[in-house]
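# Commentary on secondary and tertiary structure
Spelled out from the first residue to the last, the chains are:
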Amino acid sequence: MPLDRIDIAILDALQKDGRLPNAALAEKVGLSQSACSRRLDNLEKSGVIAGYHARLSNTALGHQMTVIVHISLSGQFEKTLSDFEVAVKRCPNILSCHLMSGEYDYILRIAARDLPDYERIHKEWLSAMPHVTKINSSFALREIVDRTVMGIRPDLA
């Protein structure tokens, strides 16, 4: 879907405040409420807007540690990947999982309360996942950037 400057302004405003009422959004982007509502509906239906959610603080919820985990599997067969991905989706502490090129097959980002909690996750979840041959864990010392707002350039939209 090609995006014009108004679509980009809508997306920019909603990335900063997903709870912005339609009237305020319309005023911010210079449209009538009905025109803004139609554009928003089109952005949602086209998949440009994939959803709305509340951003929670892992720290406030007691998860003080972020662990980056590199996983190697026994192979890259479709069933091997699928079995692993099904297992990953069941673990509530895994915040993100990416299939990778390069040395490791997957990279996971995990939230843990502390080191004993991560040990539990490692024993109960990671080590028990199908086809895992290697687990390499790195502990984040501090977070520098965790963006939720993506810059949208008109010439790339």
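Residues numbered from 1 in each chain as written. Predicted model: local features only at pLDDT ≥ 70, side-chain atom pairs only at ≥ 80, totals over all residues. Heavy atoms only, no water.

An unreviewed UniProt entry lists the protein chain under the name DNA-binding Lrp family transcriptional regulator, from Aminobacter niigataensis.

### Digging into the overall build of the protein chain
When helices and strands are counted, the protein chain shows 5 helices and 4 strands. Secondary structure elements of the protein chain, listed N to C terminal, follow the sequence α-α-α-β-α-β-β-α-β. Here the C-alpha atoms of the protein chain give a radius of gyration of 20 Å, more than 25% beyond the 15 Å that 2.2 N^0.38 yields for 157 residues. Taken along its principal axes, the extent of the C-alpha atoms in the protein chain is 55 × 35 × 25 Å. When the 157 residues of the protein chain are sorted by exposure, 29% land in the buried category. Taking the contacts inside the protein chain whose residues are at least 6 apart along the sequence as the reference set, 63% of them involve residues at least 24 apart. Averaged over its 19 positive side-chain charges, the protein chain has a centre that lies 3 Å from the centre of its 19 negative ones. (Helix = DSSP H or I, 4+ residues; strand = E, 2+ residues; numbered from the N terminus. Rg over C-alpha atoms; globule rule 2.2 N^0.38 Å. Buried < 20%, exposed > 50% of the residue type's maximum accessible area, 1.4 Å probe, protein only. Contact = heavy atoms within 4.5 Å. Lys, Arg positive; Asp, Glu negative; His and termini not counted. Charge placed at Lys NZ, Arg CZ, Asp CG, Glu CD.)

### Here we look at the pairing of strand β1 (residues 65-73)
For β1, the tally of buried residues reaches 7 of 9 residues, placing the bulk of the element in the interior. Relative to strand β4 (residues 132-139), β1 runs antiparallel, the two sharing 7 bridges. Across the sheet, residue Val 67 finds its bridge partner in β4, namely Phe 139. (Pairing = 2+ DSSP bridges.)

### Remarks on the UniProt feature "domain: HTH asnC-type" (unreviewed entry) in the protein chain
The positions UniProt marks with the feature "domain: HTH asnC-type" (unreviewed entry) are residues 3-64. With 53% helix and 0% strand, the stretch residues 3-64 has end C-alpha atoms that lie 39 Å from each other. (UniProt positions renumbered as here; feature names shortened; annotations may be inferred.)

### Regarding the nonpolar core
Buried together is how nonpolar side chains tend to be arranged in soluble globular proteins. Core analysis: the largest hydrophobic core is formed by 19 residues, its most contacted members being Val 69, Ile 94, Leu 108, Ile 110, Leu 126 and Met 129. Listing elements by their share of this core, those giving two or more residues are β1, α4 (78-90), β3 (106-112) and α5 (115-126). Element by element, the count of residues in this core is highest for β1, at 5 residues. Residues Ile 8, Leu 11, Leu 14 and Ala 26 belong to the second largest nonpolar core, which totals 15 residues. (Core = buried A, V, L, I, M, F, W, Y, C linked by side-chain atoms within 4.5 Å.)

### A word on the packing of aromatic side chains
If you walk through the whole model with that rule in mind, you get 2 aromatic pairs. Relative to Tyr 106, the ring of Phe 84 lies with its centre 4.5 Å away and its plane at 40 degrees, an arrangement referred to as tilted. Taken together, the residues Phe 84 in helix α4 and Tyr 106 in strand β3 connect sequence positions 22 residues apart. Accessibility assignment for this pair places Phe 84 and Tyr 106 in one class, buried. (Phe/Tyr/Trp six-rings, centres within 6.5 Å; stacked < 30°, edge-to-face > 60°.)

### Structural notes on α5
One turn of an α-helix holds 3.6 residues; hence residues three or four places apart share an orientation. Listing the buried residues of α5 in full gives Asp 117, Tyr 118, Ile 121 and Leu 126. For α5, the angular spread of the buried residues around the axis is 105 degrees, confining them to a single face. Exposed positions of α5 whose direction lies more than 90 degrees from the buried face are Leu 115, Pro 116, Lys 123 and Glu 124. Residues of α5 that are buried in the fold lie against β1, β2 (94-99), β3 and β4. In this structure Asp 114 caps α5, since a side-chain oxygen of it lies 2.9 Å from the backbone nitrogen of Asp 117. (Arc of directions from axis to C-beta. Polar contact = N/O pair within 3.5 Å; in protein donor to acceptor, adjacent residues only side chain to side chain.)

### A few points about the packing of helix α1 (residues 5-16) against helix α2 (residues 22-29)
Two numbers describe a pair of packed helices, the interaxial angle and the distance between the axes. It is the contact of α1 with α2, at a shortest axis distance of 10 Å, that shows an interaxial angle of 130 degrees. Taken together, the axes of α1 and α2 lie oblique to each other. Note that α1 runs across α2; the crossing there is right-handed. Contacts between α1 and α2 pair Ile 6, Ala 9, Ile 10, Ala 13 and Leu 14 from the former with Leu 25, Lys 28 and Val 29 from the latter. Taken together, the residues that form the contact of α1 with α2 break down as 7 nonpolar, no polar and 1 charged. (Axes fitted to C-alpha atoms, helices over the stretch in contact; angles between N-to-C directions. Parallel < 35°, antiparallel > 145°, perpendicular 65-115°, else oblique. Left-handed = near helix turned anticlockwise from the far one by under 90°. Nonpolar A, V, L, I, M, F, W, Y, C, P; charged D, E, K, R; others polar.)

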